[in-house]
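So the chains spell out like this:
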Amino acid sequence: MNKYLIVILSFFIELSLSLIFYKNTIFLNTFSLLSIYIIYPFFKNNKRKFFIIIIILGFIYDLVCSSIFGVNLILFFISAVIIAFIHDNFSVNYLNSLTASILMLIIYRFLTYFAFIKVNKLGFDFKIFISSIYSTLILNTCYITMLYFLLRKRMYKLKY
Amino acid sequence: MYRKKRKDKKSIVIVISLIIVLVISVFIYIMNKKSNLNPFEKIIKDTVLTIGSVITKPVSFISDKINESKEKNNLYEKYKDLEEKYNNIKNYEEEIDNLKQENTELAKLLEIQNILTDYDYVNATIVNREINFWYDTFTIDKGESSGIDINMAVVTPDGLLGKVIETSNLYSKVKLITSESLGQKISVRIKIADGKYVYGLLYDYDSDKKCFLIEGISENVDIPIGSTVKTTGMSDIFPKGIVIGKVEGIEKDNFDLTKIVEVKPSVDYDSFSYVTVLKRKEVNNE
C-alpha cells in the first residue's frame, strides 16, 4: 500500500467518523496521528521528507479540524520526533507498536488538553483528561492492529 | 564511560523539557492570536472539506438509513400528531401574519433593530467537529458564496448555538457560546412574569454543571426556577428573542450584592447536525 495513501485515507476516515460518533462515546479516533507511526519505516532513508509530510499534515489538520491554528502542526511534529526515536531504538513488533501508539496518544491528548486549559484559564480536571484518553482507545487500538498486520512484512524488510 | 552516558541522558532530559516548555509557550501565543484565513488557506480548506464530504456521503447515507428505519417504528403515532398540528396551522398562519405586521410597525415606531424578522435564514449542515474542541467550534457547509459572513448568529430550532468566526468560499467555522473563548458577554432577559423581564449578561458556561451563568441581576429580584431566558438583541450579532434555556438555579455572588443565575441550555450541544445561520436582510432603498 502506498505510504501517502495511508496518511490521506486515515485523515479522511478520521474526518468522516467524527461526524458519525458523537462525543461521550467510546468510539473516537485519532487515525491521522497513528498513520504517522506506521509510515515512518518507509522514510527511513529520507527523514527530512517524513518531517515535511508531517508538517503538511499538521497544517491541513489545523486548517480543517482544529479551532486554533498551529496546535496540531506543532503536536504532530513532536509526535514525529517521538516516533523517530521509538523506531530507531526499539524493535518492530506488535506489542511495541501498540505500546508506542498508546503512549503517543496519551502525550498528544495531554499536550492538547494542557494548552487548552492554559488558554481558557480552566482548572485541570483529571476525569475529563482520563475520559479523553480512554474514549479513543478502542478504535485506535483496532486501527493500529489492522495497519500493523497489513504492513508488517514491509516494515520488517525496511527496518532490517 | 558510565558517567559520560549518565551526563548524556541528563542533557537529553533537559533538552526535551526545554523543548516542551518552548512548545507550550508557542501554543499559548498561537492560541491567543486571532487570524483570518488567507486566500491560499481558503482554497486548501475548501478542497479538503469537499473531498471529505464526498467520502463521508456513503457513510452518512447508511447512518441516515439506519435512523430512518428506527423512526419508521413510530410512524403511525407521528402521523396522528402531525395531523393534529396541521389542523391548527391555518389558525396560526393568520395569527403569525398579523403579528409580523404589528411587529414591523412597532419596531419602526420604536426604532428597534436586530429583531428576527430582519434576518434571512441560511440552513447548513455540520461537516466537521473536532473531538478536542467539541464545545468550542465546528464547521458548516456554507461559506462566503452563500452570503455567510463573520459574526453572523447561528441557531437551531431549540435555541442559540454561536456565531461565525471564520469563512472560506464554501465553508464556515462557528464558535459555540459554550466556548470559553467566545470573547464577549451576551445580553439576555429572563421572563419572571407575564410582560415582566429581568435583564442580565450571560458571561460563562460551567462545563461541570453543564449550564450557563448570568450576572448583573439585582439581589432583590425574585426569579422563578424554570423561567425562560432569551437574547435581548442589544448587540450587532445576536438578534432579539432567541432562546438560550431555562433557569435551573440561583446563587449569590461573592459580595452578596447580585445574583448569579444558572441556566440549563435548551440546545443539546452534543447532538445536532443541522443549523441555521441568521443573515441580515439586505436593505432595499428603492
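Residues numbered from 1 in each chain as written. Chains lettered and ligands numbered in written order. Predicted model: local features only at pLDDT ≥ 70, side-chain atom pairs only at ≥ 80, totals over all residues.

S.K.: Sorry, what's going on with the overall build of chain A here?
M.R.: Along its length, chain A carries 6 helices and 0 strands. The order of helices and strands in chain A, counted from the N terminus, is α-α-α-α-α-α. Every one of the 160 residues in chain A was classed for burial, and the buried ones make up 41%. Considering only intrachain contacts with a sequence separation of at least 6, the fraction spanning at least 24 residues in chain A is 67%. (Helix = DSSP H or I, 4+ residues; strand = E, 2+ residues; numbered from the N terminus. Buried ≥ 20, exposed ≤ 12 C-beta atoms within 10 Å, placed from the backbone. Contact = placed C-beta atoms within 7 Å.)

S.K.: Got a minute to help me understand the sheet that holds strand 9 (residues 228-231) of chain B in this structure?
M.R.: Each strand in a sheet pairs with another by means of backbone hydrogen bonds, the pair being arranged parallel or else antiparallel. All names here are of chain B. With antiparallel pairing, the 6 strands of this closed barrel are ordered in space as 6-7-8-11-10-9. In this sheet, neighbouring strand axes are inclined to one another by 45 degrees on average, regardless of whether the strands run parallel or antiparallel. Judged from the 3 bridges that link them, strand 9 and strand 10 (residues 243-252) form a sheet pairing that is antiparallel. Note that in strand 10 the partner of Thr228 across the bridge is Lys246. (Pairing = 2+ DSSP bridges. Axes fitted to C-alpha atoms, helices over the stretch in contact; angles between N-to-C directions.)

S.K.: I keep staring at unusual backbone geometry and nothing clicks. Help me out?
M.R.: Most of the time, phi is negative for any residue but glycine, and the peptide bond is trans. All names here are of chain B. The phi torsion at Asn151 lies on the positive side, around 75 degrees, for a residue other than glycine. In this fold, Asn151 is placed in the loop between strand 2 (137-140) and strand 3 (153-156). The phi angle at Lys210 is positive, at roughly 55 degrees, despite the residue not being glycine. Turning to its location among the elements, Lys210 is positioned in the loop between strand 7 (196-206) and strand 8 (211-218).

S.K.: Is there a simple way to think about the packing of helix 2 (residues 31-39) of chain A against helix 4 (residues 71-89) of chain A in this case?
M.R.: Two numbers describe a pair of packed helices, the interaxial angle and the distance between the axes. Residue and element names in this part refer to chain A. Packing of helix 2 against helix 4 leaves a shortest axis separation of 10 Å and a crossing angle of 30 degrees. Crossing of helix 2 against helix 4: the hand is right-handed. Here Leu33, Ile36 and Tyr37 of helix 2 come into contact with helix 4, specifically with Phe76, Ser79, Ala80 and Ile83. Across the contact of helix 2 with helix 4, the residue classes tally to 6 nonpolar, 1 polar and no charged. (Left-handed = near helix turned anticlockwise from the far one by under 90°. Nonpolar A, V, L, I, M, F, W, Y, C, P; charged D, E, K, R; others polar.)

S.K.: For this particular structure, what's the right way to read the nonpolar core?
M.R.: One recurring pattern in soluble globular proteins is that nonpolar side chains are buried together. Counting residues in hydrophobic clusters, the biggest one holds 78 residues, and the most contacted among them are Ile36 of chain A together with Val154 and Leu161 of chain B. In this structure Leu161 of chain B touches Val154, Val155, Thr156, Val174, Leu176, Ile177, Val267 and Val275 of chain B, once residues within four positions along its chain are discounted. (Core = buried A, V, L, I, M, F, W, Y, C linked by C-beta atoms within 7 Å.)

S.K.: Where do I start with helix 2 (residues 39-72) of chain B in this structure?
M.R.: The end-to-end C-alpha separation of helix 2 of chain B is 46 Å, in line with the 50 Å expected for 34 residues at 1.5 Å each. In the structure, helix 2 of chain B departs most strongly from a straight axis at Lys57 of chain B, where the bend amounts to approximately 40 degrees and where the proline Pro58 of chain B lies between one and four residues downstream. Buried within helix 2 of chain B are the following residues: Lys42, Lys45, Val48, Leu49, Gly52 and Thr56 of chain B. Tucked inside the fold, the buried residues of helix 2 of chain B contact helix 1 (3-20) and helix 3 (47-64) of chain A together with strand 1 (119-128) and strand 2 of chain B. (Expected span 1.5 Å × (residues − 1). Bend = angle between axes of the 7 residues up to and from the residue.)

S.K.: Just to check I follow, could you spell out the packing of helix 3 of chain A against helix 4 of chain A for this structure?
M.R.: All names here are of chain A. Interhelical geometry of helix 3 versus helix 4 gives an angle of 150 degrees and a closest axis separation of 7 Å. As summarised for this structure, helix 3 and helix 4 are arranged roughly antiparallel, according to the angle between their axes. Handedness of the crossing formed by helix 3 with helix 4: right-handed. Listed contacts from helix 4 to Lys47, Phe50, Phe51, Ile54, Ile55, Leu57, Gly58, Phe59, Tyr61 and Asp62 of helix 3 are Val71, Asn72, Leu73, Phe76, Phe77, Ala80 and Ala84. A breakdown of the residues in the contact of helix 3 with helix 4 according to their chemical character gives 13 nonpolar, 2 polar and 2 charged. (Parallel < 35°, antiparallel > 145°, perpendicular 65-115°, else oblique.)

S.K.: Explain the environment of Lys157 of chain A to me, please; I cannot follow it from the model alone.
M.R.: When you line up the elements, Lys157 of chain A lands in helix 6 (residues 126-159). Taking the C-alpha atoms as reference, Lys157 of chain A lies 9.9 Å from Phe42 of chain A; in sequence the two are 115 residues apart.

S.K.: What am I meant to see in the sheet that holds strand 3 of chain B here?
M.R.: Spatial strand order, 1-2-5-4-3-12 (chain B): 6 strands in a closed barrel with antiparallel pairing. Within the sheet, the average angular offset between the axes of one strand and its neighbour, ignoring direction, is 45 degrees.

S.K.: Teacher, can you tell me more about the pairing of strand 7 of chain B here?
M.R.: Along any regular strand, the residues point their side chains to alternate faces of the sheet. All names here are of chain B. Of the strand pairs in this sheet, strand 6 (residues 186-193) and strand 7 are connected by 7 bridges, and their pairing is antiparallel. For Ile190, the partnering residue across the bridge sits in strand 7 and is Val198. Counting the residues in the hairpin turn of strand 6 and strand 7 gives 2 residues, including Gly195, whose phi is positive at 80 degrees. For strand 7 and strand 8, the ladder comprises 5 bridges, and the chain directions are antiparallel.

S.K.: Even after reading the chapter, I still don't get the pairing of strand 12 (residues 274-280) of chain B, so can you show me in this structure?
M.R.: Residues and elements named next belong to chain B. Of the pairings in the sheet, the one linking strand 1 to strand 12 comprises 7 bridges and is antiparallel in character. From the neighbouring strand, Ala124 faces strand 12, where its bridge partner is Val275. Looking at chain direction, strand 3 and strand 12 are connected through 3 bridges and run antiparallel. Bridging across to strand 12, Ala153 finds its partner in Leu278.

Remember, this is a structural readout, not a statement about activity or role.
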